[in-house]
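Topology and contacts: notes
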Amino acid sequence: MTRVVLEHVTKRFGNDVAVDDLSLEIHPGEFFSLLGPSGCGKTTTMRLIAGLDRPDEGRILIGDTVVVDAADGTFVPASRRKLGMVFQNYALWPHMTVRENILFGLEVRKVKKADRDERFAEVIDQLQITNFVARYPNELSGGQQQRIALARELVTGAEVLLMDEPLSNLDAKLRIDMRVELKRLHTATGKTVIYVTHDQVEALTLSERMAVMKDGEVQQVASPDDVFMRPANMFVASFMGQSSINTFEGRLRGDGIEGEGFSVTGIENAQGGDRRVIVAARPEELRATQEPSPASFRCEIISVMPMGYSTLLYVRMLDASAERFVTIDQDRRDGHFTPGDTVWAAFDMESLHVFDEETQARI
Amino acid sequence: MSQPTAPSAPRANRRRLRRAVNAVKLWITTPHRWMGWLFLLVFGYLILVPVGEIILATLRIQEGDARRAGGAIGDWTLYYWQRTFTGDLSRRIFYEPLMNTLIVSVGYTVLAMTIGVTLAWLLVKSDIPFKKFIGFAALIPYIVPSWTIALAWLTMFGNDRVGIGAPGILQSVIGIVPPDWLAYGMFPITIVLAINYFAFTFLLSASALATIDGRLEESAELHGAGGRRILRAITLPLILPALGSAFILTFAQGIGTFGAPAFLGIPVRFYMLSTQLYQSAGIGRFGDAFALTLILIVMAGLAIVMNSMMMGRRKQFTTMTGKGSTHRRVPLGRWRWPVTIVTLLFVSIAAFMPITLLVWQSLQLQLGNFGITNLTLTYWIGEIDGMRGIVADPRVRHAAWNSLIIGLAVATSTALIGILTGYVVAKGRGSRLARVVEQVSFLPYVIPGIAFGAIYLTMFARPVGPLPALYGTIWIIILAAMVNRLPFASRTGISAMMQIGHSLEEAAEVHGAGFFTRLKRILLPLSKRGFLAGFILSFVSTVKDLSLVVLLVTPQTMVLTVLTFGYVELGRRQFADAIGVVIVVLVLSCTWLAQWATKTNPLEGFGGSNR
Amino acid sequence: MFRPALARKENIMTNPWYRRLVAIGCSLLLIGFGTVSSQDDAAYDAWLEQAQLGPYQPAEEDWDAILEAAREEPPLTFYVATSRALGATDRFNERYGLNVEAINLGTNDLIERVRREWDAGLRNAGLIMVGNPALFQEALLSRNAVTRYVPRELEAVMDPIETEPLLRHRYSVGTWYYSTDGDPDVVPYENLWELTTEPWRNRVATTDPLSSSTILMYFTAVVSNADQMAQMYEDYFGESIELTTENAGYEFIKRLLDNDVRIVSAQRDVAEAVSVATGNFAGMGTQSLYRLVQEGTYDFTLDTTVNPVVRTFQWIGIGSYTESPNQAKLLLDWLMSQEGGAPWWAADFAVNPLVDPTDGFDLRMADFAQVWEPTVDEMVELSDDLIDFFLLYR
């Protein structure tokens with residue numbers, strides 16, 4: 001089991017800073033995700049770890065070995081880092097059979113024949129791909145190709161496995177199956193996995209810890225639960241979740257917030273006194289009721305969109321001076337709503353997110 | 001590993017040393033960088049240095065001119081430029097050839113464009129039948145060397161007023177004496193080059209037409225536009241930038257061409273820049289020749305600059321989606337059969353007439369006698385006036401051997417260099433080094449073949465840097481042809497490498513494969529097709545080339561094309577025709593081989609529809 | 001999709017890298033220029049001594065010793081401007097058991113080739129035999145690239161002018177020939193100037209003075225005998241010439257060109273054109289074509305009486321620094337002899353007075369009524385101007 005450490009790593013492409021002074025420690029045997037929108041630097045970070053790109057500043061350690069140190073020019077090329085990497089498009093060599101693809105790394109590293117065959121047998125069994133080892137990649141379905149790509153990396157016995165959006169090319173159903181499979185493989189092999197994705201569900205379901213990135217900087221490193229329930233800043237809050245988050249501007253005084261058309265009290269950690277804040281609530285974190293309750297505001301239902309188990313309500317705040325709309329994801333069992341109704345929307349105080357308007361940091 | 005205190009002097013030195021060692025290690029393990037620099041150095045040496053030498057050569061008094069130029073050999077002088085631009089002879093050695101070149105080039109380009117665009121429209125957009133055959137036949141005149149078409153022209157339209165006076169078919173069989181303007185000079189050169197190049201414009205405009213999203217035209221139709229209206233209002237404006245670019249590229253391709261102007265122009269003292277350059281070099285006036293060389297380079301360069309401006313504007317046309325999945329077929333209606341017949345007739349004549357005429361004339365015992373009884377195999381396998389037929393002549397065999405060796409050497413080296421250049425450019429995408437390598441590798445494009453020959457003739461007549469004197473060896477031809485082919489080879493290589501995509505190589509790298517393993521196991525196998533296509537097309541264009549080698553060969557390094565030229569100069573048309581037939585057969589079969597082997601249209605890279 | 005470099009907007013010229021490249025290129029260039037070799041007098045003298053040439057040539061050749069030495073030498077390369085030499089060297093090789101290789105090139109190409117090789121430091125040329133003395137002198141003799149050799153027994157019988165600065169191998173003349181519908185013995189023109197008149201429009205063929213030394217030589221003679229040309233003009237037209245050019249010689253060339261003269265690239269083409277023509281037709285070429293008339297290949301008559309002919313010669317000499325000087329001596333002596341030079345004696349005039357013309361070749365130098373012979377200096381002086389003149393009026 002091997003750890004991976006990044007210390008103050010910066011990577012520029014021309015004038016663009018792709019990764020900006022990034023420090024991370026990935027624990028041995030951990031399933032760690034890098035999550036963020038496209039262009040946030042997550043793939044670059046992975047490529048830096050793999051040795052496919054070189055950082056301009058900082059150090060990277062794999063285990064106890066310094067593989068990159070920009071200060072003294074140390075650079076261990078990718079071919080000597082003994083990592084595994086699953087590419088987004090699988091990067092299966094189209095001119096080789098499945099078998100040749102899987103055995104390539106072992107051949108290049110001059111592993112003995114007997115050993116090679118043993119590991120090969122093991123891995124094709126593990127991934128249930130015995131039936132098509134003689135085929136060429138283009139004769140396989142996307143899911144099968146995905147398994148081959150995994151097999152190719154597992155067979156080398158690399159301690160650290162990098163995965164670059166490995167599931168993004170699969171259809172939704174297969175993606176869920178493969179998620180389960182990946183989780184199983186991780187548990188079975190105990191390898192350190194660094195997983196790059198822009199899909200928060202993948203990151204949430206698979207990771208033990210994750211880093212949310214934006215503009216080359218890490219926004220939050222935490223467990224999936226913490227990232228979801230306690231986003232470190234406004235960006236993470238708005239990035240996590242199925243639909244776009246509702247935000248309300250307000251002013252924090254003592255432990256209460258006064259806003260346009262609403263007010264809440266009992267805010268924890270409300271030190272620092274009087275300042276402008278943003279209250280954020282995901283549609284799931286609001287609840288519509290017929291009667292007012294503490295921390296609720298009055299609104300008129302504009303449209304009602306049934307979604308199976310839940311119903312999306314699109315409402316207009318009635319007590320705000322400017323026109324403001326809010327989305328509420330309402331449990332279906334909470335009753336029937338009709339456009340034009342006036343209802344009360346209540347904040348869930350357990351999961352209320354309050355951010356400093358200036359620093360965007362969580363309060 | 002930690003350094004608790006401030007670094008002392010030896011420690012700082014050690015760190016500096018380690019940095020240096022690491023930098024070297026990194027350099028070695030980053031092949032696309034050192035290869036990039038290596039290529040830059042080699043290409044620079046083989047391209048920029050020669051051009052620099054030429055520039056200097058026009059500014060210094062050359063061998064044999066000391067008396068006329070009034071100085072000592074090697075003295076700085078503007079003599080050549082004055083002679084070219086303002087001297088008594090400038091009209092003859094520059095302005096007239098320049099005007100001839102411009103008129104002929106504009107003429108053949110307009111003609112080739114007209115034919116090429118019409119053909120492209122018919123094949124891509126209309127419901128004309130026999131598309132496959134037309135497409136196939138239309139490419140043949142482009143594959144065969146232009147001088148074979150020129151020879152065939154003489155066989156058809158030659159008259160007895162010029163040269164040795166062997167009449168062509170028109171005079172001999174039909175009894176009409178073709179006037180000089182029809183037999184020789186500007187008119188036939190224009191026609192021959194138009195026939196040679198229309199396939200090029202055809203390819204360029206066909207690919208442009210094919211990328212037009214058919215839906216655009218369909219929506220115009222839904223809005224009630226008629227066929228002609230759609231053509232004028234939608235189709236033409238959309239492909240106009242591509243057509244402009246095709247125009248310039250066609251123009252640039254031909255301004256330095258030598259074969260047809262030599263065969264059809266020199267006998268009536270009609271000179272273009274290329275033939276004037278050849279003549280000046282032939283009488284040892286290298287100063288004059290080099291001035292013309294530079295002028296040709298500048299002209300081609302200007303054309304390319306104009307083209308890149310044109311292509312730059314083309315980007316605005318975002319409607320070019322790149323995949324025109326919907327193909328609209330315009331019905332030709334009652335014009336269908338007349339158009340079909342004319343088209344079939346035209347492409348058949350352009351494709352098969354020259355070779356037929358060459359075969360026929362190579363079988364004539366007495367030149368210009370088109371009777372059946374005059375047929376003989378003498379010029380192929382017999383002996384006449386102490387000259388043996390081409391099959392039995394050791395000189396021909398020697399030349400064929402040279403052509404083969406040179407062709408293979410050039411093909412192998414350019415295909416490999418092309419792939420590696422492609423690697424450097426694709427891998428270093430976006431880096432300045434990659435961009436400069438790409439641009440430098442493209443530079444020879446603006447140096448017309450004959451100008452290139454002139455440059456290499458001087459540059460490598462004596463030992464230069466690490467290279468010994470190459471003049472008189474086949475190496476000078478191989479080197480010149482290699483560099484001449486470089487733009488095409490690197491383009492093929494770049495597109496092959498771009499298609500492979502980074503991740504395939506990176507996956508191998510992560511698996512522990514060093515550069516040479518990746519090259520051998522991943523990159524070369526994956527670019528096999530590009531490599532093969534590049535190989536065969538390099539071979540074909542080297543074997544059929546006359547412009548480049550005409551100044552470089554010597555009797556020991558004689559190649560087939562120059563031997564042919566020599567036979568024409570000697571008035572031995574039948575020998576020339578016979579060798580021409582051999583070259584045409586070789587060139588056509590190799591191209592089809594490439595087509596078959598790569599399952600692609602090799603002409604894409606041939607004339608460089610992608611350049 | 002792959003986008004060609006062309007499409008890029010960056011201008012390469014403004015790229016600092018490009019400028020750096022140019023700088024690198026220029027410095028490489030200087031390295032190239034630094035390696036021009038210079039002739040070393042001492043080395044040349046040492047070679048002469050070893051080859052027993054120049055001042056070291058013994059008073060009498062020991063041909064047995066020369067042959068013995070020749071057998072030890074690497075095969076000689078013989079640069080020669082006629083294809084007839086190929087047969088001659090074959091017989092030579094047979095006779096002496098040597099392996100001399102003859103390389104046959106056109107006159108100007110040959111001289112240019114030897115000059116380039118010389119400048120490149122290559123000493124390939126062992127023996128050289130070629131015409132165009134003007135170019136020969138400028139390109140090769142001025143560099144000392146060819147060394148004089150005259151076997152003693154030849155020196156004894158030859159006119160010194162025929163052995164300086166190099167030995168002459170043979171003479172040939174540039175002459176006119178014609179075909180006519182009338183009596184072939186009657187020359188269809190009375191005067192050289194008649195060829196510039198309307199009836200002869202497009203009915204005169206010559207080779208290209210830019211590539212053929214014979215016609216260039218003829219024009220040189222015409223220009224250097226301008227006074228006589230003016231006289232001939234007066235004789236023919238009965239009035240003195242009005243000049244639009246420098247002199248009557250140039251005037252003649254100009255009017256000939258203006259008369260739509262056919263310019264072809266090879267001597268054979270002239271012969272062919274004259275042969276196939278119907279009606280009066282004249283051509284200019286060397287008298288060696290006469291042999292082909294005798295053999296029946298061509299059909300025309302040689303003009304020995306009306307128009308002046310121009311005599312020229314071929315020089316033969318040993319390539320300086322050759323590693324095979326003895327083979328060169330042997331071959332030179334062989335080519336000068338009755339037997340060795342046989343391929344030429346059927347059509348050209350031997351300089352060696354001991355050689356008899358081949359049986360059947362009945363043309364003699366003395367047959368020509370008027371022979372012009374421009375000196376080498378005249379040729380050197382005039383050839384550039386003539387070429388320019390020709391370029392101007394072609």
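Residues numbered from 1 in each chain as written. Chains lettered and ligands numbered in written order. Predicted model: local features only at pLDDT ≥ 70, side-chain atom pairs only at ≥ 80, totals over all residues. Heavy atoms only, no water.

Here we take up the overall build of chain B. From N to C terminus, chain B includes 27 helices and two strands. A globule of 611 residues ought to have a C-alpha radius of gyration of about 25 Å, and chain B, at 27 Å, matches this closely. A total of 611 residues make up chain B; the buried ones form 60% of that total. Of all intrachain contacts in chain B linking residues separated by at least 6 positions in sequence, the fraction that spans at least 24 positions is 74%. Summing over all exposed atoms, chain B offers an accessible surface of approximately 23,500 Å²; the carbon and sulfur share of this is 68%. Distance from the positive charge centre (52 side chains) to the negative charge centre (25 side chains) of chain B: 12 Å. (Helix = DSSP H or I, 4+ residues; strand = E, 2+ residues; numbered from the N terminus. Rg over C-alpha atoms; globule rule 2.2 N^0.38 Å. Buried < 20%, exposed > 50% of the residue type's maximum accessible area, 1.4 Å probe, protein only. Contact = heavy atoms within 4.5 Å. Areas by Shrake-Rupley, 256 points an atom, 1.4 Å probe, with all protein chains shown as cover. Lys, Arg positive; Asp, Glu negative; His and termini not counted. Charge placed at Lys NZ, Arg CZ, Asp CG, Glu CD.)

Further remarks concern the domain arrangement of chain B. Accessible area lost when the parts come together is the quantity often used to give the size of an interface. Residue and element names in this part refer to chain B. Per the domain assignment, the segments making up chain B are domain 1 (92-376) and domain 2 (392-611). Centre-to-centre separation of domain 1 and domain 2, based on C-alpha positions: 24 Å. Of the residues lining the interface, 45 residues belong to domain 1; the matching set on domain 2 comes to 42 residues. Summed over both sides, the interface between domain 1 and domain 2 buries roughly 3,700 Å², with carbon and sulfur atoms accounting for 78% of that surface. Summed over the three residues of domain 1 that lose the most area to domain 2, namely Ile-143, Trp-147 and Tyr-278, the buried surface amounts to 17% of that side. In this assembly, domain 1 and domain 2 are joined by zero salt bridges. Put simply, domain 1 and domain 2 have eight residue pairs in polar contact (both at pLDDT 80 or more) between them. For the side of domain 1 that touches domain 2, the secondary-structure elements that each account for two or more residues are helix 6 (131-143), helix 7 (146-157), helix 10 (186-211), helix 12 (227-254), helix 13 (259-265), helix 14 (273-282), helix 15 (286-314) and helix 16 (336-362). (Domains from an automatic or database assignment. Buried area = accessible area lost by both parts, 1.4 Å probe. Salt bridge = Lys/Arg side-chain N within 4 Å of Asp/Glu carboxyl O. Polar contact = N/O pair within 3.5 Å; in protein donor to acceptor, adjacent residues only side chain to side chain.)

This part is about the pairing of strand 1 (residues 77-80) of chain C. Residue and element names in this part refer to chain C. Neither face of strand 1 is left uncovered, since the one carrying Thr-77 and Tyr-79 and the one carrying Phe-78 and Val-80 both have all their residues buried. Where strand 1 meets strand 2 (residues 101-104), four bridges bridge the pair, whose relative direction is parallel. Of the residues in strand 2, the one forming a bridge with Thr-77 is Glu-101. The parallel pair strand 1 and strand 2 is bridged by helix 4 (residues 84-96), and the resulting crossover is right-handed. Of the pairings in the sheet, the one linking strand 1 to strand 3 (residues 125-130) comprises four bridges and is parallel in character. Directly across from Phe-78, in strand 3, lies its bridge partner Leu-127. (Pairing = 2+ DSSP bridges. Right-handed = clockwise from strand over helix to strand, strands pointing away.)

We now examine the sheet that holds strand 7 (residues 83-86) of chain A. Residue and element names in this part refer to chain A. Within the open sheet, the six strands sit side by side as 7-8-9-3-10-11. Their pairing is mixed. This sheet does not close on itself; its edge strands, each paired only once, are strand 7 and strand 11 (217-222). Across the sheet, the mean angle from the axis of one strand to that of its neighbour is 15°, orientation sign disregarded. When strand 10 (residues 209-214) meets strand 11, the two strands line up antiparallel, connected through five bridges. Its bridge partner lying in strand 11, Val-212 is registered against Gln-220. (Axes fitted to C-alpha atoms, helices over the stretch in contact; angles between N-to-C directions.)

Below, the discussion takes up the side chain of Ser-538 of chain B. Along the polypeptide, Ser-538 of chain B turns up in helix 24 (residues 528-544). Here Ser-538 of chain B is in contact with Ala-411, Thr-414 and Arg-485 of chain B, once residues within four sequence places are set aside.

A few words now on the sheet that holds strand 6 (residues 74-75) of chain A. All names here are of chain A. Taken in spatial order, the five strands line up as 2-1-4-5-6 in an open sheet, and their pairing is antiparallel. Of all strands in the sheet, those bounded by a partner on one side alone are strand 2 (16-26) and strand 6. For strand 1 (residues 4-13) and strand 2, the ladder comprises seven bridges, and the chain directions are antiparallel. Across the sheet, the residue bridging to Phe-13 is Asp-16, located in strand 2. Here helix 1 (residues 42-50) sits on the sheet in contact with strand 1, strand 2 and strand 4 (57-62), set at roughly 115° to strand 1.

This part covers unusual backbone geometry. Residues and elements named next belong to chain C. Here the bond from Glu-164 into Pro-165 is cis, since omega is -10°, no more than 30 degrees from zero. Its place among the elements puts Pro-165 in the loop between helix 7 (152-155) and strand 5 (167-179). Look at Asn-144: it is not a glycine, yet its phi comes out positive at around 60°. Relative to the helices and strands, Asn-144 resides in the loop between helix 6 (133-139) and strand 4 (146-147).

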